[in-house]
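So you can see what is in the structure, the chains are spelled out below.
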Amino acid sequence: MSTAQAVRNSTVVVTGAGGGIGAALARRFAEEGARVVVNDLDADKARRTADEIGAIAVPGDASTVVGPARDALGAPIDIYCANAGLGSAGSQAAPEDLWAAAWDVNVMAHVRAARELLPHWLERGSGRFVSTVSAAGLLTMIGAAPYSVTKHGALAFAEWLSLTYRHRGVQVHAICPQGVRTDMLAATGTAGDLVLKPTAIEPHEVADALFAAMADERFLVLPHPEVADYYTARAATPDRWLTSMNHLQQKWETQAG
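These lines cover the structure that appears in this document, whether it is placed above or below. Sequence order as written defines the numbering, with residues in each chain counted from 1. Only residues with pLDDT of 70 or above have their local features reported here, since the model is predicted, and side-chain atom pairs are shown and tallied only from 80 upward, although totals for entire chains, interfaces and linings are computed over all residues. In computing side-chain values, all of the structure's heavy atoms are included and hydrogens and water are not.

Here we look at the overall build of the protein chain
Step number 1: Only DSSP runs of H or I covering at least 4 residues are called helices, and only runs of E covering at least 2 are called strands; the numbering of each starts at the N terminus. Looking only at helices and strands, the protein chain features 12 helices and 7 strands.
Step number 2: Computed over C-alpha atoms, the radius of gyration of the protein chain comes to 18 Å, within 12% of the 18 Å expected from 2.2 N^0.38 for 257 residues, which places it in the range of a compact globule.
Step number 3: Counting only C-alpha atoms, the protein chain reaches 55 × 40 × 30 Å along its principal axes.
Step number 4: Residues counted as buried form 47% of the 257 residues belonging to the protein chain.
Step number 5: The contact rule is simple, with two residues in contact once any of their heavy atoms fall within 4.5 Å. In the protein chain, the proportion of contacts linking residues at least 24 apart, taken out of those at least 6 apart, comes to 65%. Only the C-alpha atoms count toward the radius of gyration. The rule for a globule is 2.2 Å times the residue count to the power 0.38. Under the scheme applied here, a residue whose accessible area is under 20% of the maximum for its type counts as buried, over 50% as exposed, and between as partly exposed, the area being computed with a 1.4 Å probe on protein chains only.

As structure tokens, this is what we get:
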């Protein structure tokens, strides 16, 4: 069965879909004939996106959307896109509440969704979980300890889901872009200007990359192909990679100072 056939008439939930990558994912699924629920903490943005693409708006906390989305669809959920994220900057000294919020949105929201989705998926032998991780989950991001650490956690959870349940029909994809032209990129400040903006892509390119990965049944979705080389270098020569990243940190400190 082709990706288009698998998606047509499927039920899809996309969190954080009021704009940016989430809106692009929701739009692409709708264009392919899926019935889509648009979730966002900002109710106005959720409704605006839903109205634009002919979807259903279910605003609210991404951690609790599975039940309301299922009710709104009147059917089980086939594809779940855990896209909502919190781009938290700061070091180890960031406030406790900022660290807690990053863990809650970037990791635990995925865990809570999986708890509700997996019983039905495992019973019927199919389901698809899409995690918007970021290249920060494969590598790291200067100036953003809470974001980098929790995105590593999001990747680890997606990997665990895939290795644990793929033989039972659960397909998992981890989307790991670098800079994407969204409000979150704009909020990264000088660190984003240095690292992300030079190669930033449009949100629809992330959606295109996901659909290509779905067609190939690939876990790792790399809208920026060069990330694969960085990831390989990180694994092969970690000290050399850390030294180069430290040089980038020093360059950022000089520019910011």
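Some details on the sheet that holds strand 4 (residues 79-82)
Step number 1: A pair of strands is treated as paired once DSSP finds two or more bridges between them. Here 7 strands make up an open sheet; going across it, the order is 3-2-1-4-5-6-7 and the pairing parallel. The sheet terminates laterally at strand 3 (56-57) and strand 7 (220-221), the two strands that pair on one side only.
Step number 2: Where helices are involved, their axes are fitted lines through C-alpha atoms of the stretch in contact, as for all axes, and angles between N-to-C directions lie from 0 to 180°. The sheet contacts of helix 7 (residues 145-165) involve strand 5 (127-132) and strand 6 (170-175), and relative to strand 6 the element is tilted by about 155°.

Observations regarding the packing of helix 2 (residues 20-31) against helix 3 (residues 43-53)
Step number 1: At a closest axis distance of 10 Å, the pairing of helix 2 and helix 3 adopts a crossing angle of 25°. In terms of orientation, helix 2 lies roughly parallel with respect to helix 3. For the crossing formed where helix 2 meets helix 3, the hand is right-handed. For the pair helix 2 and helix 3, the contacting residues are Ala23, Ala26, Arg27 and Ala30 in the first and Thr49, Glu52 and Ile53 in the second. Should an angle fall under 35 degrees it is called roughly parallel, over 145 degrees roughly antiparallel, and 65 to 115 degrees roughly perpendicular, with every other angle called oblique. The hand of a helix crossing depends on one turn: near helix anticlockwise from the far one by less than a right angle means left-handed, and clockwise means right-handed.

Here's the deal with the pattern of salt bridges
Step number 1: Here a salt bridge means any side-chain nitrogen of Lys or Arg lying within 4 Å of a carboxyl oxygen belonging to Asp or Glu. The full count for this structure, using the stated rule, is 7 salt bridges.
Step number 2: A salt bridge links Arg28 to Asp208; the nearest nitrogen and oxygen atoms lie 2.7 Å apart. Taken together, the residues Arg28 in helix 2 and Asp208 in helix 10 (residues 203-216) connect sequence positions 180 residues apart.
Step number 3: Given the relative accessible area of 37%, Asp208 is considered partly exposed.
Step number 4: The network of salt bridges with common partners includes Arg28, Glu32 and Asp208.

Details of the environment of Val12
Step number 1: Position of Val12 relative to the elements: it lies in strand 1 (residues 11-14).
Step number 2: Accessibility expressed as a relative area gives 0% for Val12, which makes it buried.
Step number 3: When the C-alpha positions of Val12 and Arg128 are compared, they lie 9.4 Å apart, and in sequence the two are 116 residues distant.
Step number 4: With residues near it in sequence (within four places) discarded, Val12 still touches Phe29, Ala34, Arg35, Val36, Val37, Ile79 and Cys81.

Some thoughts on the pairing of strand 6
Walk down a regular strand and you will see the side chains alternate between the two sheet faces.
Step number 1: Of all 6 residues in strand 6, 5 are buried, a share of seventy percent or more.
Step number 2: Pairing of strand 6 with strand 7, which is carried by 2 bridges, proceeds in the parallel orientation. Counted as the bridge partner of Ala174 is Leu220 from strand 7.

Focus on the side chain of Ser131
Step number 1: Of note, Ser131 is situated in strand 5.
Step number 2: In this structure Ser131 comes out as buried when scored by relative accessible area, which is 0%.
Step number 3: If we ignore the near neighbours within four places in the chain, the residues touching Ser131 are Ala82, His110, Ala154, Ala158, His173, Ala174 and Ile175.

Some thoughts on the nonpolar core
Step number 1: The criterion is simple. A nonpolar core is a set of buried Ala, Val, Leu, Ile, Met, Phe, Trp, Tyr and Cys residues joined through side-chain atoms within 4.5 Å. Counting residues in each nonpolar core, the largest one holds 48 residues, and the members touching the most others are Val13, Ile77, Tyr80, Leu117, Leu118, Phe129 and Leu161.
Step number 2: Only helix 4 (66-73), strand 4, helix 5 (96-124), helix 6 (135-138), helix 7, strand 6, helix 9 (189-195) and helix 12 (238-256) provide two or more residues apiece to this core.
Step number 3: Looking at this core, the element that brings in the most residues is helix 5, giving 8 residues.
Step number 4: Among the nonpolar cores identified, the runner-up in size contains 30 residues, and Val38, Ala50, Val180 and Leu210 belong to it.

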